[in-house]
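Chain residues, written in single-letter form:
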Amino acid sequence: RRAHRIPIRAREAAFDWTGLDSIDRRERRRGSRPARSPRAMVRRGRTGVARAALGAACAVVAVAMTAATAEARIATYEVSKDDRSLILLREPFGFAVGGTMEIALKEPRVYLPEHAPPLDKTKLGFFITEAKDEGALDAALEDGACVLDVDFVDQAFTFADMDAQLKKGEREVSSYEFMKEIKVPGDYMLFFASCAPHTVVSFEITTTFANKDARGRNDYLGAGEKSLPSVYYLFFLLDTCAAVAWAFILGRANGQRGVRKIHWLMLALVCFKTLSVLAQAGRYHITRLTGSSRGWTAAYYVFTVCRSMLMFSVIALVGMGWSFLKPFLHQREKNLLMAVIPLQVLANIAAVVIGEEGPADQGWFAWQNMFIVIDIMCCCAVLVPIVWSIKHLRDTSDSSEKKARNLEKLLLFRHFYVMTVAYIYFTRIIVYLLKSTVEYELRWTAAFFNELATLAYYVATGYMFRPEEENMYFSLKHDEDEDGVEMSDRARWGDAV
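Keep in mind the model is a prediction, meaning the values are calculated, not measured.

Analysis parameters
- Residues numbered from 1 in each chain as written.
- Predicted model: local features only at pLDDT ≥ 70, side-chain atom pairs only at ≥ 80, totals over all residues.
- Heavy atoms only, no water.
- Helix = DSSP H or I, 4+ residues; strand = E, 2+ residues; numbered from the N terminus.
- Contact = heavy atoms within 4.5 Å.
- Areas by Shrake-Rupley, 256 points an atom, 1.4 Å probe, with all protein chains shown as cover.
- Disulfide = S-S within 2.5 Å.
- Buried < 20%, exposed > 50% of the residue type's maximum accessible area, 1.4 Å probe, protein only.
- Phe/Tyr/Trp six-rings, centres within 6.5 Å; stacked < 30°, edge-to-face > 60°.
- Lys NZ or Arg CZ within 6 Å of the ring centre and 35° of its normal.
- Salt bridge = Lys/Arg side-chain N within 4 Å of Asp/Glu carboxyl O.
- Pairing = 2+ DSSP bridges.
- Core = buried A, V, L, I, M, F, W, Y, C linked by side-chain atoms within 4.5 Å.
- Polar contact = N/O pair within 3.5 Å; in protein donor to acceptor, adjacent residues only side chain to side chain.
- Axes fitted to C-alpha atoms, helices over the stretch in contact; angles between N-to-C directions.

A. Spatial organisation of the overall build of the chain. Scanning the chain from terminus to terminus reveals twelve helices and nine strands. For the chain, the proportion of contacts with a sequence separation of at least 24, taken over those separated by at least 6, is 80%. Working note: accessible area of the chain is about 26,000 Å², and carbon and sulfur atoms make up 58% of it.

Have a look at this one:
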């Protein structure tokens, strides 16, 4: 796809110099202020992180609510004065025998430079090809061949075919419709190709891809997506059971020493995870019937934004030992959270743009690459506090008794670290490879294993950090309090320095 990848243009941003003045004034006044108590610093840190999380969630939700629904199977794109030689219009769609592909083109226009020779309109057109032939397509482009003439593509129509349907007295084509019934099942993509150099085109295109169900009605899901509604409904039930079980455990243990604030954050995470899976199930179900997910897409983005931000925050807070090893966060841990939250904002905005703009947009591939990079950065960032906690437990050995207790906690933190790395590796790499290598009819298995791994990770984390008196994490109250006082003193002296 190198031929149609164009990076997003850089945008200049004005710098706010008044912010520097306010910072300087605060620094000058800081010398006359009394030192804050550790409890005040804790409250201030919590408020700052909470405000950042709330503002970030509101920003992404606003983007999701205002986004158009371009991810539907009935999709409309507008190409305006585009000079790309190859434009991907529809991503791979699994067609069965009898499936239909409908294309409606409006206001096609071609712009040529001055003193240009007459245009050969057979060099501009639309074609479909299977996803497995994408490598051969890239090779043909590198060799300088016109992709409309290669033998492994199925040419739909050209601009010359549209001119052949001009009525008497008409000079330009205002609309054109094309319909094709699939005879050979496959995973097909739709492209526009321009083999005429220095040519700029504009058009509005509406594509409708559909298969047929047993009753002969349109089924707007691809062959590899038909099982997705059932998969997501299944995991909605399983996630609901997990949320009810966790709420029951917290309710039974409420008021005891084992229940911490992090447990309630875990409950909120499981609830938003359940709602996001339900929205995803409804989204695919409605798309299957109507070709568009309507309001389910907005609900899915809202719940997914909250779920993803909570998930990374909970993993980071658990790794920091907040609420069970210490009742506060160090300054470096606050800074890490303040870095992860904006990264999650960018990642979710990129996900919305990827889902709603469509591949015909010039910046679509840049947003896709940015989402991958930011997601990897967030995954690496949440591993850092776990390493910090492991290092702290390894270095804390004031007495033989305390050393033995910290060794038990150290082993558990190592288990949590290994489990988190395995979860990230499986959901980010193995699932992607599975989706890319299996036959298109089995593409739904990637979503199944991704949801299964996520549910298993949530259950295992909940079991490790369950609110029980005999839990190794919470069994040593005095040891935790001593560690908390020691860490508080270190944090206060670190801030003073």
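Next comes the rest of the description.
B. How the structure looks around the state of the cysteines. The final tally for this structure, using the stated rule, is one disulfide. Across the disulfide from Cys146 sits Cys195; the S-S distance is 2.0 Å. What sets the handedness of the Cys146 and Cys195 disulfide is the S-S torsion sign, and at about 85 degrees it is right-handed. One end of the pair, Cys146, is in the loop between helix H3 (134-142) and strand E5 (154-158); the other, Cys195, is in the loop between strand E7 (186-194) and strand E8 (200-212), and 49 residues separate them in sequence. Residue class for Cys146 comes out buried when judged on its relative accessible area of 15%. Considering cysteine sulfurs only, Cys380 is the nearest to Cys379, which forms no disulfide, with 6.8 Å between them. Using a relative accessible area of 4% as the deciding quantity, one classes Cys379 as buried.

C. Summary view of the packing of aromatic side chains. Scanning all chains against the criterion turns up 20 aromatic pairs. Through a chain of ring-to-ring contacts, the aromatic side chains of Phe126, Phe157, Phe159, Tyr176, Phe178, Phe192 and Phe203 assemble into a single cluster. Positioned above the aromatic ring of Phe209 is the side chain of Arg90, whose terminal nitrogen or guanidinium carbon lies 4.3 Å from the ring centre.

D. Main features of the pattern of salt bridges. Counted by the stated rule, this structure contains twelve salt bridges. Ionic pairing is found between Asp82 and Arg84, a salt bridge with its closest N-O pair at 2.7 Å. Residue Asp82 shares its accessibility class with Arg84, and that shared class is buried. Linking Asp187 and Arg443 is a salt bridge whose minimum nitrogen-to-oxygen distance equals 2.4 Å. Here Arg443 lies in the loop between helix H10 (400-437) and helix H11 (444-464) and Asp187 lies in strand E7, a separation of 256 residues in the sequence. The class of Asp187 is buried, set by a relative accessible area of 6%. By relative accessible area, Arg443 is classed as partly exposed at 23%. One salt-bridge network, held together by shared partners, links Glu107, Arg109 and Glu172.

E. Fine view of the pairing of strand E4 (residues 124-130). Within E4, seven of the seven residues are buried, which leaves the element mostly enclosed by the surrounding structure. Residues of E4 alternate between two faces, with Leu124, Phe126, Ile128 and Glu130 on one and Gly125, Phe127 and Thr129 on the opposite face, all of them buried. Note: E4 against E5, four bridges, orientation antiparallel. Note that in E5 the partner of Phe127 across the bridge is Gln155.

F. Quick look at the nonpolar core. In this structure, Met266, Met311, Phe312, Val318, Phe416 and Tyr457 are the most contacted members of the largest nonpolar core, which totals 39 residues. Broken down by element, the residue count for this core peaks at nine residues, all from helix H7 (residues 296-320). Setting aside anything within four residues of it in sequence, one finds Phe312 in contact with Val340, Gln344, Asp375, Cys378, Cys379, Val382 and Arg428. Counting 30 residues, the second largest nonpolar core, distinct from the first, contains Leu105, Ala156, Tyr176 and Tyr188.

G. Summary view of the side chain of Asp219. The residue Asp219 is located in strand E9 (residues 218-219) in this model. Taking the relative accessible area as the measure of exposure, Asp219 reaches 6% and is therefore buried. At 3.2 Å, the side chain of Asp219 and the backbone nitrogen of Leu221 are in polar contact. Apart from residues no more than four positions distant in its own chain, Asp219 is found in contact with Ala210, Asn211, Asp213, Lys226 and Arg288.

H. Representation of the sheet that holds strand E2 (residues 86-95). One open sheet accounts for four strands, arranged E2-E7-E4-E5; its pairing is antiparallel. Among the strands making up the open sheet, the edge pair consists of E2 and E5. Neighbour to neighbour, the strand axes of the sheet diverge by 20 degrees on average, direction disregarded. Note: E2 against E7, seven bridges, orientation antiparallel.

No statement about biological role is implied by the geometric values presented.
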